[in-house]
Amino acid sequence: MKQMAVVHELYSDKEDQQTGPAVTPCMPLAMACAGERVRIVSLAGGRGMRQHLSSMGLNVGSEIEVIRRGHPGPFLVASGDTRLAIGAGMAHKIMVSPV
Amino acid sequence: MSRSSDEILVALAGQPNAGKSTLFNALTGARQHVANYPGITVEKKTGNYRFDGQKIEVVDLPGTYSLTSYTQEERVSRDFLLHEKPAVVVDVVDASNLERNLYLVFQLSEMGIPMALALNMMDVARQRGLRINIEQLSHEVGMPVVPTIGNKGVGIKDLQKAIDQISKDGSAPQTSLRLDYGKAIEPVLGRLEKSLSEDVILAARYPLRWLALKLMENDSEAHRLVSEHATNKEDILSNVARERELFQTEHEQTAEQAIAIRRYQIAGGIVERCVKREKKERRTLTDRIDQVVCDRVAGPIFLGGVLFLMYYLTMKIGGEHVAPWAWKYWSMLRDVIAGLLPAEGLIRSLLLNGIVDGVFAIMNYLPIFLILFLLIAILEDSGYMARVAFIMDRVLRAFGLHGQSTLPMILGGVVVGGCAIPGVMATRAMKDQKARMTTIMIVPLMNCMAKVPLYVLLVSIFFKEHQAVILWFMSLITLAVALIVASVLSLTVLKREESEPFILEMPPYHLPTITGVLRRAIERTWLFVKKVITIIVAVAIVVWVFITFPGLSKDRAAYCDDQVNKATETFMKKIGENNPYAELLAGPGLKEFGRYWDHYKKKKMGAKGKEAKEALKEKFSRENPEFFKIVNKGKGLDGEKDQYAKAAYAAYKKLDKKLKRLDTARRKEVVHVSFAGSFGRFLEPVSKLAGFDWKVNIALASSFAAKENLVATLGTIYSIGEEAGGTLADTMARDTAETWTPLHALALMLFVALFPPCIATLIMVRVETGSTKWMLFAAIYPIILGFIIAIMVFQGGQILGLTALQVMGFLSLFVFAILAATYLAGERSAMKKHRTVEI
């Protein structure tokens, strides 16, 4: 589980975390290409929404793959073995960085 | 919930798509009960089984991704675990998706209830090349882990054994899984837990570590629990607020973020140690199917095919073959019930015409619903329904709707022939409140099955050559209007409702099992029948009162009675005094004979083949040989002719016609002077604008109870009596020949299409929205909208001197132009919203 190791670093190593997000180039998920693997940098939206996304497996640090781009329509992403459809609106609020 | 002390209560929890329902069915078999949690629309399923002579009561909690207070389902599950304190919680986990599922396992275990893991869908996991070390997993999570395959019944016995074991060791230390939240959070939790433990009530009621965690997560329900039960709530809550603030400044992330990340970290660790991936299969079969089914071009085409197949199976096969076949039995049942009711008077009229006929009108659709629900269950269980939402979201979103609005709209009757009641009920699955409300408001605009008979009736009279075109026009124009209405509503009155981004799990495809599909379809049909019957009974009484009272004035009633008496006298005179049957047919004898006559005629019509007819004759002759001679035109069973009986037959035949005519006239008059009739005439000056006369107004008013009444009431008003013969279409065609044009018919059809939902649907709207205000809104706006369109069609057509077909063409152009404009505007506003986010 490589992705978890990465999260662990992010989490436990505070110095890294402070510089991390600023340095990594990030973009909205909506701009990722089909087939691209990306890591979630931040989730916008209310607290309830963020928790909900978390419980569905979309967390800061999770690695996901864009299976199909939306525009128009929802994006299809793979998070582990789960396939999620994410509305275009939401895809603009999830910031990711390419892996 | 009442349960005796010797029952063991087990709760079944799990994330959506983990196969929880299948496992629940496998555990409990047929002994199930479905209800709603009090006051809300979340379903509560309970069932039971016996193990070792011990009765085990199982509650199937709603599927949730976690136990926050985000959705109603989550709150329900959490409250149940907190307050009902089940002896065991079984978490159903998707073995092929362990990491995410562990998230819920952790949250459940923190509630301190003894747990077991049902590691479900082992077959899917194996197919994907996952090898799970059960022993290691059980050790890591500190609870028994039972591998199961719910739809094949594998592992059920083991699971029951594990539940039994845990419930017996109730006194043993509860689950030994204790997540270590790391050096940042643990000290805070410790401090909070300590301060909470000083509160006696809280300490007795709730697991404190759980409460401390929830408070740190800023969970609204946890706040509520503290402020309701704690003695020094201000201290605790301000303490929590301080700790949260401190944490955030110190760690540059909120406590709930840190907690969630930590949970995934631990879950990831466990999966890494317990699961081995044997083959690295990046593209599963599901992915390959999705490649086609979710494709931009192929997807909608495939969906169109599926919808057409559904339409074909429900309306063509179900509506034209199964329903008429079933109706034979329904009408037999109806006759049996009619026979049990009191013979005459108001009570009979209420029970039979009001309640029984109302219920049976719906029962007629039951086979169609069963087929529809079966097909939908197949779509759901196979996983395709999520793809439907995915494909449709793109289009529907532009109109303020949601991908998940598709199912309610299909149920409501997009392709002619649905019912708004299950449609409105199906919106329950939608999380997006704004889209859900919009969907509820437009589902009744779809073409429900009860509207179709009127279309068919009018089309067969006025548009004989263009039947199919008109029906397609009706379904397309209503869909277009519904979409426009949806976008107007979501931009105006529903603007403030909470909206939510679209996020939906796409479960892997499964082959649905026969029992699973059947069970779900029957369950839904039954739920629907129960709802409809209770509502119809209430509504039928009200409507019956409106079209029956105040009844005829004394003079008119006396006049009608007099007419009947005169007819009877003529009859007696005709058969003559010296007819030996005269005495038999005098006074109450005549009524009895009337029943015998009707009964015989009916049976005779139904009897097919010579043998059946002979048997019938014998039976009736045995019942009453004298009466039989009369109804058999003077011939006895032995073939002997009786002149007197023959004369009585001829005379009674006339009398029967006369009486039926009088009865129809009387009923017509009752409707005319009834409250509904006065109402219809009162509205005539206004409704004339759209071409509706008072008769149509009455029919429309009565259809408010149930749309089936529309054609039935028109039937009562337009039927000119038996001797005219022929169907309603014929009599109406004759009756309306001079006054009605196809334009009248078109205006009426469009009005009916948009007309307010029936009362049963409105009550469902009330239940689902929880608001009387919205129910009234759903009742009133369609009247205004429908009336405006009807006037446009009728007046426009008359003034410009267009034919109905030309008006239809112009209306279509007009409506679809607006639709296109709405779609483009919706798209653009969505794009704009995205851009502002990016900046």
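Everything below is about the structure printed above this text.
Residues numbered from 1 in each chain as written. Chains lettered and ligands numbered in written order. Predicted model: local features only at pLDDT ≥ 70, side-chain atom pairs only at ≥ 80, totals over all residues. Heavy atoms only, no water.

Here we look at the overall build of chain B
To be explicit about the condition: For the purposes of this entry, the term helix denotes a DSSP run of H or I that reaches at least four residues, the term strand denotes a run of E that reaches at least two, and both are numbered from the N terminus. Three exposure classes are used, based on accessible area relative to the maximum for each residue type with a 1.4 Å probe and protein chains only: buried under 20%, partly exposed in between, and exposed over 50%. Should any heavy atoms of two residues lie within 4.5 Å, those residues are considered in contact. Method for areas: the Shrake-Rupley scheme with a 1.4 Å probe, in which residue coverage is limited to the protein chains shown. Positive charges are assigned to Lys and Arg, negative charges to Asp and Glu, while His and the chain termini are left out of the count. Note that the charge is assigned to NZ on lysines, CZ on arginines, CG on aspartates and CD on glutamates.
For chain B, the count of helices and strands is 36 helices and 10 strands. Structurally, chain B occupies a C-alpha span of about 110 × 70 × 60 Å along its principal axes. Sorting the 839 residues of chain B into buried and exposed places 53% on the buried side. Within chain B, contacts between residues at least 6 apart in sequence are counted, and of these 73% link residues at least 24 apart. Surface summary for chain B: the accessible area is close to 38,800 Å², and the carbon and sulfur share equals 60%. Here chain B holds 102 positive side-chain charges and 86 negative ones, and the gap between their average locations is 5 Å.

Examining the sheet that holds strand β3 (residues 63–68) of chain A
Selection rule: Any two strands with at least two DSSP-identified bridges between them are counted as paired. Axes here mean lines fitted to C-alpha atoms, for a helix over just the part in contact, with angles spanning 0 to 180 degrees between N-to-C directions.
Spatial strand order, β1(A)-β6(A)-β2(A)-β3(A)-β4(A)-β5(A)-β10(B): seven strands in an open sheet with antiparallel pairing. Both edges of this open sheet fall to β1 (27–28) of chain A together with β10 (503–506) of chain B, since each of them pairs with a single strand only. Inspection of the sheet shows strand β2 (residues 37–43) of chain A paired to strand β6 (residues 94–98) of chain A by five bridges, in the antiparallel sense. Within β6 of chain A, the residue paired with L43 of chain A across the bridge is I94 of chain A. The sheet strands contacting helix α17 (residues 384–397) of chain B are β3, β4 (75–79) and β5 (82–86) of chain A together with β10 of chain B, and the helix crosses β10 of chain B at an angle near 140 degrees.

Considerations on the interface of chain B and chain A
The condition is simple: The term buried area refers to how much accessible surface (probe radius 1.4 Å) is lost by two components on association, counted for both of them together. Salt bridges are counted wherever a side-chain nitrogen of Lys or Arg sits within 4 Å of a carboxyl oxygen of Asp or Glu. Pairing of N or O atoms within 3.5 Å defines a polar contact, subject to two protein rules: one partner must be a possible hydrogen donor and the other a possible acceptor, and residues neighboring in sequence count only if both atoms are side-chain atoms. Gly falls in the polar group here, along with every residue not listed as nonpolar (Ala, Val, Leu, Ile, Met, Phe, Trp, Tyr, Cys, Pro) or charged (Asp, Glu, Lys, Arg).
If you look at the interface, chain B gives 54 residues, while chain A gives 49 residues. With both chains or domains summed, chain B and chain A bury close to 4,500 Å², and 56% of this area falls on carbon and sulfur atoms. Applying the counting criterion to the chain B and chain A interface returns one salt bridge. Counting across the chain B and chain A interface gives nine residue pairs in polar contact (both at pLDDT 80 or more). Here the element with the most residues in the side of chain B that touches chain A is helix α12 (residues 255–274) of chain B; it accounts for 10 residues. Partitioning the side of chain B that touches chain A into residue classes produces 19 nonpolar, 13 polar and 22 charged. Judged from the four bridges that link them, β5 of chain A and β10 of chain B form a sheet pairing that is antiparallel. Each bridged residue has a counterpart across the sheet, and for I86 of chain A the counterpart in β10 of chain B is I503 of chain B.

Here we look at the pattern of salt bridges
All names here are of chain B. For the structure on display, the rule yields 34 salt bridges over all chains. Here E110 makes a salt bridge to R263, at a shortest N to O gap of 3.3 Å. With E110 in the loop between α3 (98–109) and β6 (115–120) and R263 in helix α12, the pair connects residues that are 153 residues apart, well separated along the chain. In this structure E110 comes out as buried when scored by relative accessible area, which is 11%. Each of R78, D79, D219, E221, R224 and E228 takes part in one network of salt bridges that share partners.

Brief notes about the pairing of β6 of chain B
All names here are of chain B. Taking burial as the measure, the six residues of β6 include six buried ones, the bulk of the element. Judged by which residues are buried, β6 turns out to be covered on both faces: M115, L117 and L119 on one side and A116, A118 and N120 on the other are all buried. In terms of strand pairing, strand β5 (residues 88–94) meets β6 through six bridges, oriented parallel. Across the sheet, residue D91 finds its bridge partner in β6, namely L117. Note that β6 and strand β8 (residues 145–147) share three bridges and pair parallel. Paired with L119 across the bridge in β8 is P147.

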